[in-house]
Amino acid sequence: MLAALLLCLGSCVYHLYRIISMGAAPEYARKAGNTAMAVRYSFTGAMNPKNKESASLHLPTYTAGLIFHAGTFLSILLFFVFLFDINPGMALLRVFAFFLALSGFSGILILLKRMAKSELRSLSNPDDYISNILVTAFQLITALLIFYPQLYPAYCISATMLLLYFPLGKLKHALYFFAARYHLGLFYGWRGVWPPKPISK
Amino acid sequence: MKREVGSKLLSHVNACVHCGLCAESCVYYKFRPGEHFVPGKKADVVSSVYRRYNTLSGRMFPWLTRARKLDDATIEDMVDLLYGSCTMCGRCNKHCSVGVDIEFLIRTGRAMLAEMGYVPETLQKTVDAAITTGNNMGIPTREFIDTLQWLEEDLQYEVNDDKAFIPINEKGRNILYTLNPREPKFFPLSISAMAKVFYAAGESWTLSTEMYDVTNYAYFSGSLDEGRIIAQRLCDEMHRLEAKKCILAECGHGSRAFRWEAPNYLQKEFPFGVDTSVELLAEYIREGRIIVDPEKNQEVVTLHDPCNLTRGGGIYEEQRYILHKCVKNFVEMNPPGLDNLCCGGGGGQLSMSEYNERRMGIAGLKAEQIKKTGAAVVATPCHNCVDQLIQTNAAYKLNVKIKTLAEIVADAIVLENEEKSNT
């Protein structure tokens, strides 16, 4: 598991290095807006469901996605908690377990939606299913481990698989999401599109 | 693909999670729901090629991420998805759950196809016309000058001043004003409208007979080399005429192509100012250089925001300011501004007759938007949009008038001699 962790971290460092070292493409057109504010808006206001149809028109999926991703971050946090043998207390762990059960359930719903809708099936590749299954399984096994320590070998297998798979497929979006939103904010900020301007009357 | 520098391409090809939530943001999908028109699918055909040749999993296990070889089947899909199923309106960018610049990926895909010679013939012909004749409609210079001469007479009559004129190829003027070749060819009154505005503002301006075309269809075809040639010509004309500022006529993609893309095509910052005529009209009104009276435009007016000007160029406040000042009854479409729906004519669709059925299908969405406003006039600062809206007007029996902003402003102008005769 530790070797897998090192491999995964190494891959993250490699991708981060590429993103940072390649930087942003030079813009020769005269700047018309505030790029810093636009990048901030890209991560805040632009993500607000009222500004984004992908969220406002799909609130159940959007909510399930948010819970699923929060569960992913929580399970990663707990991975390090377990790794460094930190004891946050059983009461807190029970709350975490409950949330991970909920996020795991969200992951299953998202997976079922992907399998059920023909449009989504057409858009999906094996990586989409594998990534979801690995992350959902990791969240659920983390939740179970809190109550059943004897599941530790299964937990190690799940964590190892997830860490090894990370560099291969879409899980990399954990890094590229931030890079994409940064670039989008930069692009719209340079042209004065974002943050949106007030409309005069 | 490697022409794009920086980590922008790397980031966007790796960020999509195939959630499909972008579907409803696309006018093609709204018109005909189905997997084919989901923006994520269009972006993925580009990303899949990237994965095949640039990622470990794509090279070793292409089935895992459905990484595609750039073979005939892929190219056929790319042509239909990237040219035939997208107006490059960029609405999906704003609504993507992750923040993938889908439109950028579409443009990258078009650039790849252009490099390999797969631009649809109809679109390529428009680019070729611009390259070989200097304007995308192939208007001979003599014909253009004749048109300007009768427009000048029209202007003199309109402003009741025998000395009013349309300057041609004058050096050292403040403004070099560009045109969409559709103006001299089909809509000359929009030229005289702008000439009237310049007259009222007392502007120092000129038109060029050598290079007046604001459009750059190579932006749509994806050909960076041809895009550069067209952009360089306008740059050269700015230098030749020693103009201080280039004012881009009401043309969404033309404005975007020269204001935002051309400096990157040519990899240099322009030593002269570049503004759109929309910004200039708003400036004239704000600064009191022209006096306008909204009572002169009594009909209900709505606004169609051109995608390239609005989402692609940040101009969405100015046109509203102008309309509030120049018309009595202005009503917004729903959704407006940054969320406005493409009219269907963008992305080179007006040139690509092979996709007409889809284009006019999308037009139905715009027709519904217009109908709901109850407006008698649709204003839009883009000649491509004007063309598409005129066809929409006929096909969906809307019975509305389509006008440019310059035409609306010109109608609202109160000239000095008018003021005097009223007092």
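Residues numbered from 1 in each chain as written. Chains lettered and ligands numbered in written order. Predicted model: local features only at pLDDT ≥ 70, side-chain atom pairs only at ≥ 80, totals over all residues. Heavy atoms only, no water.

A. Molecular detail of the layout of surface pockets. Residue and element names in this part refer to chain A. Estimates place the volume of the largest pocket at around 1300 Å³. Lining of the largest pocket is provided by 44 residues; of these, H69, T72, F73, H173 and A174 occupy positions nearest its centre. Elements supplying a minimum of two residues to the lining of the largest pocket: α1 (2-22), α4 (59-83), α5 (90-116), α7 (126-147), α8 (152-165) and α9 (173-190). With twelve residues, α4 is the largest single contributor of residues to the lining of the largest pocket. (1 Å grid on protein atoms, 1.4 Å probe; cavity = no way out; pocket = protein on both sides within 12 Å on 5 of 7 lines; lining within 4 Å. Points joined across faces, edges and corners; volume = space filled by probe spheres on them. Helix = DSSP H or I, 4+ residues; strand = E, 2+ residues; numbered from the N terminus.)

B. Looking closely at the interface of chain A and chain B. With 59 residues of chain A at the interface, the matching set in chain B holds 66 residues. Between chain A and chain B the total buried area reaches about 5400 Å² when both faces are included, carbon and sulfur atoms providing 56% of it. Interface area lost by chain A to chain B is led by A:Y28, A:L123 and A:R191, which between them contribute 14%. Connecting chain A to chain B are 33 residue pairs in polar contact (both at pLDDT 80 or more). Going through the elements one at a time, α1, α3 (53-56), α5, α6 (118-123), α7 and α9 of chain A are the ones with two or more residues in the side of chain A that touches chain B. Each residue belonging to the side of chain A that touches chain B can be placed in one class, and the counts come to 29 nonpolar, 13 polar and 17 charged. (Contact = heavy atoms within 4.5 Å. Buried area = accessible area lost by both parts, 1.4 Å probe. Polar contact = N/O pair within 3.5 Å; in protein donor to acceptor, adjacent residues only side chain to side chain. Nonpolar A, V, L, I, M, F, W, Y, C, P; charged D, E, K, R; others polar.)

C. Main features of empty space enclosed by the protein. This model, assessed by the stated rule, comprises seven cavities of 30 Å³ or more. Quantified by volume, the largest cavity comes out at close to 170 Å³. Considering the residues around the largest cavity, the lining is formed by 18 residues, among which A:D127, A:K170, B:V13, B:N14 and B:R51 are closest to the centre. If you list the elements that add at least two residues to the lining of the largest cavity, you get α7 of chain A together with α1 (8-15) and α3 (39-54) of chain B. The greatest single-element share of the lining of the largest cavity, amounting to four residues, is contributed by α3(B). Partitioning the lining of the largest cavity into residue classes produces three nonpolar, nine polar and six charged.

D. Summary view of the sheet that holds strand β3 (residues 245-248) of chain B. All names here are of chain B. Strand order across the open sheet formed by four strands is β2-β1-β3-β4, with parallel pairing between neighbours. This sheet does not close on itself; its edge strands, each paired only once, are β2 (205-206) and β4 (273-276). Of the strand pairs in this sheet, β3 and β4 are connected by four bridges, and their pairing is parallel. Counted as the bridge partner of I247 is D275 from β4. Each of β3 and β4 is contacted by helix α14 (residues 252-266), which is oriented at about 150 degrees to β3, the strand it contacts most. (Pairing = 2+ DSSP bridges. Axes fitted to C-alpha atoms, helices over the stretch in contact; angles between N-to-C directions.)

E. Layout of the side chain of A:H173. Turning to its location among the elements, A:H173 is positioned in helix α9. Accessibility expressed as a relative area gives 15% for A:H173, which makes it buried. Setting aside chain neighbours within four positions, we find A:H173 in contact with A:H69, B:N14, B:A15 and B:V17. (Buried < 20%, exposed > 50% of the residue type's maximum accessible area, 1.4 Å probe, protein only.)

F. Representation of the packing of aromatic side chains within the structure. All names here are of chain B. Here the structure, examined in full by the defined rule, presents 22 aromatic pairs over all chains. Ring geometry for Y28 and F37: centres 5.4 Å apart, planes at 35 degrees, overall tilted. Each member of the pair, Y28 together with F37, is buried. An angle of 80 degrees between the planes, with centres 5.3 Å apart, marks the rings of Y177 and F198 as edge-to-face. Of this pair, Y177 sits in strand β1 (residues 175-177) while F198 sits in helix α11 (residues 189-201), and the two are 21 residues apart along the sequence. (Phe/Tyr/Trp six-rings, centres within 6.5 Å; stacked < 30°, edge-to-face > 60°.)

G. Highlighting the sheet that holds strand β6 (residues 329-331) of chain B. Residue and element names in this part refer to chain B. Here four strands make up an open sheet; going across it, the order is β6-β5-β7-β8 and the pairing parallel. Two strands in the sheet have a free side with no partner beyond their single neighbour: β6 and β8 (401-403). For this sheet, the mean inter-axis angle between neighbouring strands, taken without regard to orientation, is 30 degrees. Looking at chain direction, strand β7 (residues 377-379) and β8 are connected through three bridges and run parallel. Across the sheet, the residue bridging to V377 is K401, located in β8.

H. Local environment of α8(A). Residue and element names in this part refer to chain A. Under the 1.5 Å per step criterion, the end-to-end length of α8 is 20 Å for 14 residues, consistent within 8% with the ideal 20 Å. Turning to α8, its buried residues number three or more, namely Y155, C156, S158, A159, T160, L162, L163 and Y165. Considering only its buried residues, α8 is in contact with α1, α4 and α7. (Expected span 1.5 Å × (residues − 1).)

I. Local environment of the environment of B:F220. All names here are of chain B. Position of F220 relative to the elements: it lies in helix α12 (residues 218-221). Assessed through its relative accessible area of 1%, F220 is described here as buried. F220 sits 109 residues away from A111 along the chain, and the two C-alpha atoms are 9.1 Å apart.

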